[in-house]
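Remarks on the overall topology
Single-letter residue listing:
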Amino acid sequence: MQATLLDRRSFLRVSAVAGGGILLALHLDPVAEVFAQSPQLPPAAFLPTAFLRVSADGIVTIMGKNPDIGQGVKTSLPMIIADELDVDWKAVRIEQADLDETKYGPQRAGGSTSTPTNWDPLRRVGAACRQMFVIAAAQTWSVPESECQTSSGRVTHQPSKRTLSYGALAEKAATLPPPDLKSVKLKDPKDYKIIGQPIHGVENVSIVTGKNLYSIDYKVPGMLYAVYEKCPVYAGKCEGANLDQIKAMPGVRHVFEVEGTQDLLGLHWGVAVVADTWWQANTARKKLQAKWNEGPTAQQSSAGFARRADELSKQAPAITVRNDGDAEKALQSASKTVEAAYSYPFLAHAPMEPENCLAHYHDGKMEFWSPSQTPESGRQLVAKVFNIPHDDIIVHLKRAGGGFGRRLTNDYMLEAAAIAKQVGVPVKLLWTREDDFHHDHYRPAGFHYLKAGLDSSGKLVAWRNHFVSFGEGQQFAPSADIFGNQFPGTFLPNFFFGASLMPLGVPTYAMRAPRSNAFSWVFQSFTDELAHAAGKDPVQFRLDLLNSPRIPTATPSANPAEADVDAARMSGVLKLVAEKSGWGTRRLPKDTAMGVAFQFAHRGYFAEVVELRVDTNKKIKVNKVWVAGDVGSQIINPSGAENQVRGAVIEGLSHVMSYEITIDAGRAVQSNFDGYPPVRMNQVPSEIEVHFLKSDNPPTGLGEPALPPVLPAVCNAIFAATGERIRSLPLSKHGFSWA
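Computed from a predicted model, the values in this text were never measured in an experiment.

A few words on the overall build of the protein chain. Each helix and strand in the protein chain was counted, giving 17 helices and 30 strands. Compactness check: the protein chain gives a C-alpha radius of gyration of 27 Å against a globular reference of 27 Å for 739 residues, within 12% of the reference. Going through the 739 residues of the protein chain one by one, you find that 60% of them count as buried. For the protein chain, long-range pairs separated by at least 24 residues make up 78% of all intrachain contacts whose partners lie at least 6 apart in sequence. Accessible surface, the protein chain: about 28,600 Å² in total, of which carbon and sulfur atoms supply 50%. Here the protein chain carries 76 positive and 75 negative side-chain charges, and the mean point of each set is 3 Å from the other.

Take the packing of aromatic side chains next. Think of a pair of aromatic rings as described by two things: how far the centres are apart, and how the planes are tilted against each other in angle. Taken as a whole, this structure holds 21 aromatic pairs when the rule is applied. Pairing phenylalanine 305 with phenylalanine 346 gives two aromatic rings, centres 6.1 Å apart and planes at 55°, and the pair type is tilted. Here the residue phenylalanine 305 occupies a position in helix 8 (residues 302-313), and phenylalanine 346 occupies one in the loop between strand 15 (336-344) and strand 16 (356-362), the gap between them amounting to 41 residues. Taking relative accessible area as the criterion, phenylalanine 346 reaches 2% and is therefore assigned buried. Following the ring pairs from residue to residue traces out a cluster consisting of Tyr342, Trp463, Phe467, Phe476, Phe497, Phe519, Trp521, Phe523 and Phe526. The ring of tryptophan 279 is capped by lysine 286, whose NZ or CZ atom sits 5.8 Å from the centre of that ring.

Bringing the sheet that holds strand 12 (residues 270-275) into the picture now. Strand order in this open sheet of seven strands is 11-12-9-19-16-17-18, and the pairing throughout is mixed. Both outer strands of the open sheet, strand 11 (252-258) and strand 18 (393-397), are each paired with one neighbouring strand and no more. Averaged over neighbouring strand pairs, the angle between their axes works out to 20° when direction is ignored. Where helix 10 (residues 375-386) meets the sheet, its contacts fall on strand 17 (365-370) and strand 18, and the angle it forms with strand 18 comes to roughly 155°. Packed onto the sheet, helix 11 (residues 411-423) meets strand 9 (224-230), strand 11, strand 12, strand 16, strand 17, strand 18 and strand 19 (427-430) and runs at close to 35° relative to strand 16.

With that out of the way, let us pick up the side chain of serine 114. For serine 114, the location among the structural elements is in helix 3 (residues 114-141). Side chain to side chain, serine 114 and asparagine 66 meet in a polar contact 3.4 Å long. Excluding residues within four positions of it along the chain, serine 114 makes contact with Asn66, Val73, Leu77 and Arg108.

Further remarks concern the environment of serine 301. Its place among the elements puts serine 301 in the loop between strand 13 (290-293) and helix 8. Between the C-alpha atom of serine 301 and that of threonine 374, which follows or precedes it by 73 residues, the distance is 31 Å. Apart from residues no more than four positions distant in its own chain, serine 301 is found in contact with Ile663, Asp664 and Ala665. A distance of 2.9 Å separates a polar atom in the side chain of serine 301 from the backbone nitrogen of glycine 304.

Strands in a sheet are paired, the pairing made by backbone hydrogen bonds, and the direction either parallel or antiparallel. Taking strand neighbours across the sheet as the criterion, the three strands line up as 6-7-8 in an open arrangement whose pairing is antiparallel. Edge positions in the open sheet fall to strand 6 (148-151) and strand 8 (162-165), since each of these has one partner strand only. The mean angle between the axes of side-by-side strands here comes to 25°, regardless of whether they run parallel or antiparallel. Alignment of strand 7 (residues 154-157) against strand 8, held across four bridges, turns out to be antiparallel. Across the sheet, the residue bridging to valine 155 is leucine 164, located in strand 8. Strands in contact with helix 3 are strand 6, strand 7 and strand 8; relative to strand 7, the strand with the most contacts, it is inclined by about 45°. Of the strands in this sheet, strand 6, strand 7 and strand 8 are in contact with helix 4 (residues 166-173), which crosses strand 8 at around 75°.

Moving on to the packing of helix 13 (residues 516-533) against helix 14 (residues 538-546). Look at helix 13 against helix 14: their axes get within 9 Å of each other, and the N-to-C directions meet at 105°. Classified by the interaxial angle, the pair formed by helix 13 and helix 14 is roughly perpendicular. Between helix 13 and helix 14, the contacting residues are Gln524, Thr527, Asp528, Leu530, Ala531 and His532 on the first element and Pro538, Phe541, Arg542 and Leu545 on the second. Residues belonging to the contact of helix 13 with helix 14 are distributed by class as follows: five nonpolar, three polar and two charged.

Cut-offs applied
Residues numbered from 1 in each chain as written. Predicted model: local features only at pLDDT ≥ 70, side-chain atom pairs only at ≥ 80, totals over all residues. Heavy atoms only, no water. Helix = DSSP H or I, 4+ residues; strand = E, 2+ residues; numbered from the N terminus. Rg over C-alpha atoms; globule rule 2.2 N^0.38 Å. Buried < 20%, exposed > 50% of the residue type's maximum accessible area, 1.4 Å probe, protein only. Contact = heavy atoms within 4.5 Å. Areas by Shrake-Rupley, 256 points an atom, 1.4 Å probe, with all protein chains shown as cover. Lys, Arg positive; Asp, Glu negative; His and termini not counted. Charge placed at Lys NZ, Arg CZ, Asp CG, Glu CD. Phe/Tyr/Trp six-rings, centres within 6.5 Å; stacked < 30°, edge-to-face > 60°. Lys NZ or Arg CZ within 6 Å of the ring centre and 35° of its normal. Pairing = 2+ DSSP bridges. Axes fitted to C-alpha atoms, helices over the stretch in contact; angles between N-to-C directions. Polar contact = N/O pair within 3.5 Å; in protein donor to acceptor, adjacent residues only side chain to side chain. Parallel < 35°, antiparallel > 145°, perpendicular 65-115°, else oblique. Nonpolar A, V, L, I, M, F, W, Y, C, P; charged D, E, K, R; others polar.

As structure tokens, then:
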């Protein structure tokens, strides 16, 4: 397991602040990391990852440097610093930082990376600051540092019981040289007072009382509103529109065309309508009559992709993703073979808050208020497309009403910039729900043609998969690839994973638990098929596979999220969820059954069991879901952690039942939640029981890894209850619905 660790070139910078306070900044060697489609600028010489201020009154202010899109980092990351600093949580204040990666380090939200990249550095920031207060107190009292202890923001001299608050010591501490970060003494985990405690989100009260937090709510004086009409087919071009008629409509200030780029994930050709109110802008937009050159993508469709995938499945794969042993030979000699074709659709991210961005071009500078998950990537794109110097682009980070990967790309920032640059006043761009569905960067669809062989004892001896996906030549479309070491890869002596690609003019990108949110359903469902074909218990069949001899990946990825599965950790969560759910020990009604699945994703190990009932009308009631996860040695904030896991399970239920984007004539058919219905509150299981298995590994993130297993667990339970095996999603296509 890898995590961000401090090296000899990392250091603290300390300075005094007005009123007797102390300010600390941690500087790290930068690590190259690509999160979005933008060009990457050379990193700064050092990247501080935290700013911490202790004032004379003892109040500790910690900058919330990363975008918060609901994953809770504005609470959990400061908890790490506060615990090592040894202050009470009630004395902590959090301020949202603006974008400045030269000051705060990487400011991103995605890939469940916030915890693993910040765990060690932030602990050391808190510990170093605590040590400086101890030194300041020891010098004040002329006593050895070893006789001083800290608690609740105070230093106590144990022999004399004299005490001083951090606030009283802050001015003196600011004059001290900072300690070496590698040598600072970290707390023993048994002494944690904040880490491991359920802490409510720092913005919870503001959220539930309707305070102005979200990007969609933000306003500035003199602001106009904009809508942006794009070709319904991706990358289509405008060949004229009734601009004069639209400009004459009430409240409309500006109407103009914007020429797009060649980047499918970037700025698309469109017509901007700017008005005094959003209602006026959108009303005028409805009268817009634009002529579009739809281009070649208009010939593409979901039905066409399915036909082409079936044709390619009968040919040899064009790409070898992984090849261990001789799968064909082993299949020929197997006692029993099982074949199946699985497919899953395109999905939209569908956050509750549609895309939006406020931009103001003034004095040669572009200023944004943005909900981006990758604001620095957005800034770089704007600099490139509009030829604005990087340092003349200012980005204020606003809370996002969900993202799920959609805000990793920054097309809405480009649209807002194009409009603001032309009108010269603050402009709030707000997409409609239909815009959000029709112009998403979708989770890719995919097709899997599988065959596996069992020996006479029911042991799995061979696995072959021809994966038909999207891309050109050997290059997969964004998020349309799969790593070759996915289970049961590395656990079988004869394993072949090949792929063929179809050209795609539809934009795709990462969605919560990218890749595994789709293929886990395929691999764990087919594994279940094999368990039943072998006459084995599905849990035991998986445990036996995890206990098989390994064929490690020859050239392991440097990315720990792409590592080979740790069999011991996966077995641990599988055994735990089986125990907690009473797997195989409870008698269930005839129409009720349980299904199991697991997945290693984004450094996290999760196994899940679903118990559900299916009535004679194919209506499904999920009674309960059990979740077991291993995300390392500490659960920083159990309240936030359980929230993330339950949210992932609930989102996964939407994926499996009803989510589907259909492409027809190069455009998305679904346009709102009536055609893309999420699971409703009364359809959610009454209990989602969450258990964490702590292991001797650095803590990792929770935004994504709990989602993938719920889809196959649901489908495996349906098979156990009805005998119907689901090989294409969503379930609604097969006549199922929620009870």
